[in-house]
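Observations on the model geometry
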Amino acid sequence: MPPTVVVVDSYGLSKSLVDEFRKNGASVVRVQSTPEVPAVYRGPLDLSEYADNIVHGGDLAATVRAVAAHGPVAVVAGGEIGVELADALGEALGLPTNGTALSAARRDKYVMIETIGRAGVAAARQKLVESEDDVAEWHRSIGGRVVVKPLRSAAGNGVFFCDTPEESAAAFGRISGAENVFSMRNVGAVAQEYLRGTEYMVNTVSRDGVHRVCEIWRTTRITANGVADLSDTAYLMPRGGEVQDRLTEYAGQALDALGIRHGPAHVEIKMTASGPVLVEAGARIGGADLPHYAQIARGRSQLDWTVEAYLRPERFLAHHADDDPLGSHCAFVGLVSPVSGTLRRYRGVETIRAMESFHEMRVAVAPGQRISRTVDDITYPMVVVLLHESEETVLRDANTIRYLDGPSFYDVAPDDGPDAPDDAPDDEATGSA
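Residues numbered from 1 in each chain as written. Predicted model: local features only at pLDDT ≥ 70, side-chain atom pairs only at ≥ 80, totals over all residues. Heavy atoms only, no water.

1. Observations concerning the overall build of the protein
Note the following rule: In this description a helix means any DSSP run of H or I spanning at least four residues, a strand means any run of E spanning at least two, and both kinds are numbered starting from the N terminus. Atoms counted for the radius of gyration: C-alpha only. Globule rule: 2.2 Å times the number of residues to the power 0.38. Exposure is judged per residue with a 1.4 Å probe applied to protein chains only, and the accessible area is read against the type maximum: over 50% gives exposed, under 20% gives buried, and values in between give partly exposed. Contacts are assigned to residue pairs with any non-hydrogen atoms lying within 4.5 Å of each other. His is not counted, nor are the chain ends; Lys and Arg add positive charge and Asp and Glu add negative charge. Note on charges: their place is set at NZ of Lys, CZ of Arg, CG of Asp or CD of Glu.
In terms of helices and strands, the protein carries 12 helices and 19 strands. Taken over C-alpha atoms, the radius of gyration comes to 22 Å for the protein, in line with the 22 Å a tight globule of 433 residues would show. Principal axes of the C-alpha set define a box for the protein whose edges measure 60 × 50 × 45 Å. Every one of the 433 residues in the protein was classed for burial, and the buried ones make up 53%. Sequence-distant contacts, at least 24 apart, represent 67% of the contacts inside the protein between residues at least 6 apart. Taking the average place of the 41 positive charges on the side chains of the protein and the average place of its 61 negative ones, the gap between the two points comes to 2 Å.

2. Observations regarding the packing of helix H5 (residues 132-142) against helix H6 (residues 165-175)
Here is the rule: Fitting a line to C-alpha atoms yields each axis, with helices limited to the stretch in contact; the angle taken between N-to-C directions then spans 0 to 180 degrees. By the definition used in this description, the sense in which the near helix is turned from the far one sets the handedness, with an anticlockwise turn below a right angle giving left-handed and a clockwise turn giving right-handed. All amino acids are sorted into three groups, where Ala, Val, Leu, Ile, Met, Phe, Trp, Tyr, Cys and Pro are nonpolar, Asp, Glu, Lys and Arg are charged, and the leftover types, Gly among them, are polar.
Running from N to C, H5 and H6 point in directions that differ by 150 degrees, and their axes come no closer than 8 Å. H6 is crossed by H5, and the crossing has right-handed handedness. Residues Glu132, Val135, Ala136, His139 and Arg140 of H5 pack against Pro165, Ser168, Ala169, Phe172 and Gly173 of H6. The class makeup of the residues in the contact of H5 with H6 is five nonpolar, three polar and two charged.

3. Regarding the layout of surface pockets
Here is the rule: Of the grid points, spaced at 1 Å and generated over the protein atoms alone, those admitting a 1.4 Å probe that cannot get out make up cavities, while open sets with protein on both sides within 12 Å along at least five of seven lines make up pockets; any residue with an atom within 4 Å of a point is treated as lining. Grid points are joined across faces, edges and corners, and a volume is the space filled by probe spheres set on the points.
Here the second largest pocket is characterised by a volume of approximately 530 Å³. Along the wall of the second largest pocket there are 24 residues; nearest its centre are Gly158, Val159, Phe160, Arg174 and Val375. Listing elements by their share of the lining of the second largest pocket, those giving two or more residues are strand E7 (160-162), H6 and strand E11 (227-236). Sort the elements by how many residues they give to the lining of the second largest pocket and H6 lands first, with five residues. Here the residues of the lining of the second largest pocket are counted per class, giving 12 nonpolar, seven polar and five charged.

4. Points about the sheet that holds strand E8 (residues 189-193)
Going by this rule: If DSSP finds at least two bridges between two strands, the strands pair.
Ordered in space as E5-E8-E6-E7, the four strands form an open sheet in which the pairing is antiparallel. In this open sheet, the two strands that pair with only one neighbour each are strand E5 (126-129) and E7. In this sheet, adjacent strand axes meet at a mean angle of 25 degrees when their direction is disregarded. Here H6 sits on the sheet in contact with E5, strand E6 (146-149), E7 and E8, set at roughly 160 degrees to E7.

5. So, the sheet that holds strand E13 (residues 275-282)
Read across the sheet, eight strands follow the order E13-E12-E9-E10-E11-E14-E18-E16 without closing on themselves; strand pairing throughout is antiparallel. One side of each edge strand has no neighbouring strand; the edge strands of this open sheet are E13 and strand E16 (358-363). Within this sheet the neighbouring strands show an average axis-to-axis angle of 25 degrees, counted without direction.

6. A few points about the side chain of serine 301
If you trace the backbone, serine 301 turns up in the loop between helix H8 (290-298) and helix H9 (302-311). The contact partners of serine 301, leaving out residues within four places of it in the chain, are Cys214, Glu215, Pro291, Ala294 and Gln295.

7. Considering the packing of helix H1 (residues 15-23) against H9
The cut-off we apply is this: An angle below 35 degrees is read as roughly parallel, one above 145 as roughly antiparallel, one from 65 to 115 as roughly perpendicular, and any other as oblique.
Where H1 meets H9, the closest approach of the two axes is 9 Å, and the angle between their N-to-C directions is 50 degrees. Relative to H9, the element H1 is oriented oblique. Between H1 and H9 lies a crossing whose hand is right-handed. Facing H1, whose interface residues are Ser16, Leu17, Glu20 and Phe21, H9 presents Leu303, Asp304, Thr306, Val307, Tyr310 and Leu311. Of the residues in the contact of H1 with H9, the class split is six nonpolar, two polar and two charged.

8. Regarding the pairing of strand E18 (residues 382-388)
Of all seven residues that make up E18, seven are buried, and the element is covered over most of its length. As defined by bridge partners, strand E14 (residues 329-334) adjoins E18 across six bridges and the pair is classed as antiparallel. Each bridged residue has a counterpart across the sheet, and for cysteine 330 the counterpart in E18 is leucine 387. Two elements, E16 and E18, share five bridges in a ladder whose sense is antiparallel. Considered in E18, the bridge of glutamate 360 is made with valine 385.

9. Details of the pattern of salt bridges
Two side chains with opposite charge may pair up if their charged atoms get near one another. Applicable threshold: Whenever a carboxyl oxygen of Asp or Glu lies within 4 Å of a side-chain nitrogen of Lys or Arg, that contact is scored as a salt bridge.
Applying the stated criterion to the full structure yields 30 salt bridges. Here arginine 221 and glutamate 199 are joined by a salt bridge, their closest N and O atoms 3.2 Å apart. Note that arginine 221 is positioned in strand E10 (residues 210-224) and glutamate 199 in strand E9 (residues 198-207), a separation of 22 residues in sequence. You can call arginine 221 partly exposed: its relative accessible area is 30%. Given the relative accessible area of 8%, glutamate 199 is considered buried. In this structure, a network of salt bridges that share partners links the residues Glu80, Arg107, Lys109, Lys149, Glu280 and Arg284.

10. Observations concerning the nonpolar core
Here is the rule we go by: Working definition of a nonpolar core: buried Ala, Val, Leu, Ile, Met, Phe, Trp, Tyr and Cys residues. They are joined through side-chain atoms within 4.5 Å.
Of all hydrophobic cores here, the largest spans 39 residues; its most connected members are Val8, Val31, Leu89, Ile116, Val202, Val267 and Leu278. Tyr235, Ala331, Leu335 and Val384 belong to the second largest nonpolar core, which has 23 residues in total.

Everything listed here is a matter of geometry and, on its own, says nothing about what the molecule does.
And the structure:
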């Protein structure tokens, strides 16, 4: 009989992890942590490749019994909202698990930073805020720019960069009680000092407390659409180097502090003038399908190492320090819409397709659909993936995309209001994505 792996909350692009387990001979059972599918994931859901689909209704014992009937060898979180249920199921079934003692620290952004700080790991100054007056008073006490964000959201949703106490108070008013990306109501918020420095995404896999840094992505940021720190591009970095070594050491310290001993993790770190500092971490596979593209570029990624850690732990422990077999360069370029309205077409698409390093174009908003201004990681209208053996070629093409991207790239029937774009002429390369 093939081994059975349980994946909690396999939605959207996390399906790549399910595919990797199945490719390695495992049967996969899907568990859904909420009776209703979060709005961000609603749409066709193909369950034909799963051995079973178990919907958790709130009774942990009942869900444990349903899962136990399949005799799984592992329980893995497929996404952010599945982390705590995956911890609980793994613990109840006696499987390799991070356990429930620090589950909250792996989901609640305030508890997370408090936990690593108590463990002696460099952490941002922060405060759990419960009112507009509360956050404004704290902002005045530390000065400068602060970040106000929900306790349990993701993908940059509901994150505000605030330069004045009044802006912080307004941000809290927009966050508290609002529905977040996971269709859950925000309760309170966390205010943190703004960390200046390049932000990196470090994707890891652990087994018995031994950590493998699978890939490191360097992000670039722009100020656009009222967002001071909007992520626009991620670049896959070489495995070795001075910065990578510092990030690897710090990521290991953060994983240990958060009790992540088993499975994948996604660790976001700012390299400040005083050294690496955690932005936040998730005890799950990296998002946006970045591990899939790293797998293409490097021959092995967080996907492969997750399978190794659960299905072949001895092999993982013996080879976790090995180099990757390939060494191509990759960039994940998000287009940043400055307009809202009904999209007629994208201008210049063929120019992008003709780039030397062009690999793939992922279109989230097609002509005829409504497009919105990009304000976070889930509102990119399009993402372009670049892949090439030459780093300079990837960098050049990414910069060219950023040059092309702008009001003239979007042929839009505008909404009434300030988002209406100026008329712009077509360029020579037209067409829809």
